[in-house]
Amino acid sequence: MSACVPTRNDHSPRSSRLSRVSGFKRPHGSPPRRGRFRVSGADLSASITVFLIAVPMSLGLAVAMDAPLAAGLVSAAIGGIVAGLLGGTPLQVSGPSAGLTVVTAELIQIYGWRTTCAITVGAGLLQILLGSLRAARSALAVSPAIVHGTLAGIGVAIALAQVHIVLGGAPQSSALDNALSLPSRLAQSEPAAPLVGALTIALLIGWPRMPGRIGAMTGRIPAALAAVAVATVVAAVATPEIARVDLPSWRSHVLPEVPHGPVAALATAVFTVMLVASLESLLAAVSVDKMSADRAASAPADGAAPPRPVKRSDLDRELRAQGVANTLSGLVGGLAVSGGAVRSSANVRAGAESRAATVLHGVWVLLSTALLVTALEWIPLAALAALVMVVGIQMVSFAHIRKVHKHREFLVYGATITGVLLTGVLEGVAIGIVVAVAVALHRLARTRITVTEQGGRYLVAARGQLTFLAVPRLSRTLGRLPHGVDAVVELDGFFMDHAAYETIQDWYAAQTAMGGRIEFTGRSGGRIAEPASAAHSCCRPWTPWRNHHCHDRVPGALPTPAVTVSPAVPKKPPTTLSANPAERQGGHRLLSGLSSFQRTTAPLVREELARLAAEGQRPSQLFITCADSRLVTSMITASGPGDLFTVRNVGNLVPPPGTAEAANDDSVAAAIEYAVDVLGVESITVCGHSGCGAMQALLGAAPETPSTPLWRWLRHGLPSLDRMRSRHHSWARIAGRMPTDAVEQLCLTNVVQQLEHLRAHESVARRLTTGSLQLHGMYFHVGEAQAYLLTEGVSSGTGPDEVFAKVAPGVECAVDDGMEVLITPDSAVRA
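Keep in mind the model is a prediction, meaning the values are calculated, not measured. All residue numbers here refer to positions counted from 1 along the written sequence of the relevant chain. pLDDT decides what is reported in this predicted model: residues at 70 or higher carry local features, side-chain atom pairs at 80 or more are listed and counted, and totals for whole chains, interfaces and linings draw on all residues regardless. Excluded from the side-chain calculation are hydrogens and water; included are all heavy atoms of the structure.

### Concerning the packing of helix α10 (residues 192-206) against helix α18 (residues 381-394)
Where we set the bar: Each axis is a line fitted through C-alpha atoms, taken for helices only over the stretch in contact, and angles between the N-to-C directions span 0 to 180 degrees. Numbering of helices and strands starts at the N terminus; helices are DSSP runs of H or I of at least 4 residues and strands are runs of E of at least 2. Here the angle decides the label: under 35 degrees means roughly parallel, over 145 means roughly antiparallel, 65 to 115 means roughly perpendicular, and every other value means oblique. Less than a right angle of anticlockwise turn of the near helix away from the far helix marks a crossing as left-handed, whereas a clockwise turn marks it as right-handed. A contact between two residues is defined here by any heavy atoms of the two lying within 4.5 Å. When residue character is reported, Ala, Val, Leu, Ile, Met, Phe, Trp, Tyr, Cys and Pro are called nonpolar, Asp, Glu, Lys and Arg charged, and the others, Gly included, polar.
Running from N to C, α10 and α18 point in directions that differ by 45°, and their axes come no closer than 8 Å. Taken as axis vectors, α10 and α18 run oblique relative to one another. At the point where α10 passes α18, the crossing takes the right-handed sense. The residues of α18 that touch α10, namely those facing A193, V196, G197, T200, I201 and L204, are A382, A383, A386, L387, M389 and V390. Residue composition of the contact of α10 with α18, by class: 10 nonpolar, two polar and no charged.

### Observations regarding the environment of T467
Basically, it comes down to this: Here's how the labels work: a residue is buried when its accessible area is under 20% of the maximum for its type, exposed when over 50%, partly exposed in between, all with a 1.4 Å probe on protein chains only.
Relative to the assigned elements, T467 resides in the loop between β4 (457-463) and α22 (471-479). Residue class for T467 comes out buried when judged on its relative accessible area of 4%. It is 5.8 Å that separates the C-alpha atoms of T467 and M496, two residues lying 29 residues apart in sequence. If we skip the residues at most four places from it in the chain, T467 touches L444, F495, D497 and A500.

### With respect to unusual backbone geometry
Despite not being glycine, R134 shows a phi value in the positive range, around 60°. By secondary structure assignment, the location of R134 is in the loop between α5 (113-132) and α6 (136-139). Residue classification places R134 among the exposed positions, given a relative accessible area of 61%.

### Considering a nonpolar patch on the surface
Under the convention used in this document: Patch building starts from residues that exceed 30% relative accessible area and form no salt bridge, then joins like charges within 9 Å and nonpolar side chains (Val, Leu, Ile, Met, Phe, Trp, Tyr) within 5 Å. Only the protein chains shown count as cover for residues, with accessible areas throughout obtained via the Shrake-Rupley method and a probe of 1.4 Å. When a carboxyl oxygen of Asp or Glu lies within 4 Å of a side-chain nitrogen of Lys or Arg, that pair is called a salt bridge.
Together, I433, V437, L441, L444 and F495 make up an exposed nonpolar region whose accessible area comes to about 430 Å². Tracing the backbone shows I433 in helix α21 (residues 425-445).

### Brief notes about the confidence of the model for the chain
Note the following rule: Scored from 0 to 100, pLDDT reflects the predictor's confidence in each residue.
With 80% of its residues at a pLDDT of 70 or more, the chain has an overall mean of 78. Of all the helices and strands in the chain, strand β16 (residues 828-830) carries the lowest mean pLDDT, 34, while strand β9 (residues 683-689) carries the highest, 95. This stretch, residues 529-584, has a pLDDT under 50; its non-local contacts, to residues over four places away or in other chains, come to 90 contacts. Scored below 50 in pLDDT, residues 811-831 shows 51 contacts in the model against residues more than four places distant or in partner chains.

### Points about the sheet that holds strand β5 (residues 486-492)
In plain terms, the rule: Paired strands, as defined in this entry, are two strands with at least two bridges between them according to DSSP.
Taken in spatial order, the four strands line up as β3-β4-β5-β6 in an open sheet, and their pairing is mixed. Each edge of the open sheet is held by one strand with a lone partner, namely β3 (448-454) and β6 (517-521). Mean inter-strand twist for the sheet, computed between neighbouring axes without regard to direction, equals 15°. Examined bridge by bridge, β5 and β6 share five bridges and lie parallel to one another.

### So, the state of the cysteines
What counts here: Any pair of cysteine sulfurs within 2.5 Å is marked as a disulfide.
One pass over the structure, following the stated rule, counts zero disulfides. As a non-bridged cysteine, C626 has C692 as the owner of its nearest cysteine sulfur, 4.2 Å distant.

### Observations concerning the nonpolar core
Just so we agree on the cut-off: The nonpolar core is taken to be a set of buried Ala, Val, Leu, Ile, Met, Phe, Trp, Tyr and Cys residues, with the residues joined through side-chain atoms within 4.5 Å.
In terms of nonpolar packing, the biggest core is built from 79 residues, with L59, I119, V273 and V365 touching the most fellow members. With 11 residues, the single largest contributor to this core is helix α2 (residues 41-65). Setting aside anything within four residues of it in sequence, one finds L59 in contact with L69, L73, L247, L376, I379 and L384. Within the second largest apolar cluster, 41 residues are counted, among which are L679, V686, M695 and L746.

### Description of α18
Rules: Residue count minus one, scaled by 1.5 Å, sets the expected span of a helix.
Here α18 spans 20 Å end to end across 14 residues, near enough to the 20 Å set by a 1.5 Å rise per residue. Along α18, the residues classified as buried are A382, A383, L384, A385, A386, L387, V388, M389, V390, V391 and G392. Each element contacted by the buried residues of α18 is listed here: α2, α7 (144-166), α10 and α12 (223-238).

### A short note on the packing of aromatic side chains
Put simply, the rule is: Stacked, tilted and edge-to-face pairs are distinguished by plane angle, under 30 degrees for stacked and over 60 for edge-to-face with tilted covering the rest, among Phe, Tyr and Trp rings (Trp via its six-membered ring) whose centres lie within 6.5 Å.
Counting across every chain of the model gives five aromatic pairs. Judged by centre distance (5.8 Å) and plane angle (40°), the ring pair of F645 and Y674 falls under tilted. Separated by 29 residues along the polypeptide, F645 in strand β8 (residues 644-649) and Y674 in helix α27 (residues 667-678) bring together distant segments of the chain. Among the aromatic residues, ring-to-ring pairing joins Y779, Y788 and F804 into one connected group.

### Comments concerning the packing of α27 against helix α32 (residues 762-770)
Relative orientation of the contacting elements α27 and α32 amounts to 30°, with a least axis distance of 9 Å. Once α27 is placed against α32, the crossing between them reads as left-handed. Of the residues in α32, those in contact with I672, E673, V676 and D677 of α27 are S763, V764, R766 and R767. Of the residues assigned to the contact of α27 with α32, the class counts are three nonpolar, one polar and four charged.

### Some thoughts on α22
To keep things clear, this is the line we draw: Directions pointing from the helix axis toward each C-beta atom define the arc.
Listed in full, the buried residues belonging to α22 are V471, L474, T477 and L478. Axial view of α22: buried residues confined to an arc of 135°, hence all on one face. Against the buried residues of α22 lie β3, β4 and α23 (498-513).

And the structure:
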């Protein structure tokens, strides 16, 4: 909640006011570091680890694409430095794109290397444009089955091509040709290259799995580096004549040229490079976020401090950074760049804390191109091909296959892979989209309607979505039932269009007019219905809590004359909680609400709550309000987990310190001290509400009221009653009018009085003196769903007026020339 109202005076520092600007939420994590570029020991160590993986992988991808080997190192350096500095995912490591291996190889064969570089430049400029238009999130809206199927198809094509190099030959122009020519290649292969490739693959698989102390020692060396290094040494001793890396002189390095060829074909090539590189980068960014969150949430095994949490990715910024990196890489003769899952996961596992690790890895790659040329030229091509082949195989994730199969989208996944392998990447994506749309339409149109009879009562079960396509079958089935029937209609679906709704509604009205009894249930057996009067409708799920009291209808109640199109209501739990019907009803409501939370809300907030659990709470406000069940604080303040530190009690009372009554109850004082001194909240809000039962009790209390726990607590509100009756204080006003009755007057006066009690607390007074704490008064009219804020002059103790200003829709708060300004849609009022 942002408590911004016209202010008569403001002694708080400017930074404190800025944090209360409407729409700005103080982050829960550590504030971003500003100033010079900082490098920690963990970042330095991680950068070396990633560098040792990136060099052989970059050379291997260049070999797989039939591109100049130096181009792989150029793109790795630019991806690390440029995308690392500008990207929105600090721990993501960019470099030559594995997903573009097949595409780039085909472009080089058709257009040549220099035109391919120009196509990379065009793809980069298109990425910058899309990132500026904030289209990154839209790219992730594509079905995961299509995305993973595309990457898996590319991975299979990479593996098929690299098998030929491992066997000592050269790959063909397409994945199908590579598969068909594989038997002849096996018959013609010499033993040297296959043995070196087999050794590389064995080390890649077995190196991370070595047991005992040897595994602990070797685990510090990346498997890719170890495999290539061992294969290089073995090849140098056993087969000196094997084909090796040949790094040409930088003097022969070529730059892009103006592309030549059909405009439509070149535009398609640019779009394809942009699409694959963007999807690969964005998926890797999402994966890095998950790995970073898991690392931050896990407790350190050695008792050391947990790693500093990393801010979530800005995908649009990441897309723009990838575009800049691709543009520069193409201009200087490098390969297309994208975020890599292999390099990024190694960076996270190595303990990187910031983007410094990514940038340093690029610096090391750049230095290696000048200082390690001789060493790199000893690497066998078969070893690099084996490394890239393993990377391609890893792109076919069995975890993704299981997930796709679980969601019944394996047909889309398989069609996309087949399309990529047989026709190309862009065509494969198009085929996947067409199949996905066809599957969705099939599911939408597939509806099974069955009728069973038991003991004179009919059960009509509709399985699937009820659309106009199912109306003829639905109408025919319902028309066969006898007039005045006793029936249960079970709707097992998540969608019902208007045509189906009208069909069921007309049939229901006809049956009830003839004395029939119709009950509508969801797929779990819970009743779904709403009253005919729109003024009292209760089951339209426009908020998660809106239909909670519809779950608790008394068994046997007559159905209501309408049907909802909302999803099925969860089934009621067994009625064995208590013999008392009221207790059973409350138990049903609790269990139903918990079940609904776990089903619908928990998946949405789990990641945020995990982050808060790891970082601890840092609320910006202490919110003191009444325990009245009609006040849903998170709803009326539009706040979420971690935003408010809330104290609720009967009457939103703050016992003044130093009194005998307050000495018997320190709970509110303890909460205030904890919020102010430990949590360091920036503001405290006291919120009253209309129709408060505590205020009504104070007004109607007799002098001989017995000393019960409730009345002993309500005595803390007697100063509010005295203030209202005193002639020394003006009556509170609300939105320019006088209160409607004495209860509303006391509710408003009580907010002002409790603010005075609040200022008497030592911790609050100390923070008010320094200007680092703000006090706010608030009144919520339940019947109007309207919030009112007390003008700051009262809550700061500087003005006689007690005026509650109405909060208008769309209200914003800004800071102008050191003064807070309340901005409404129609006007702006300077304090």
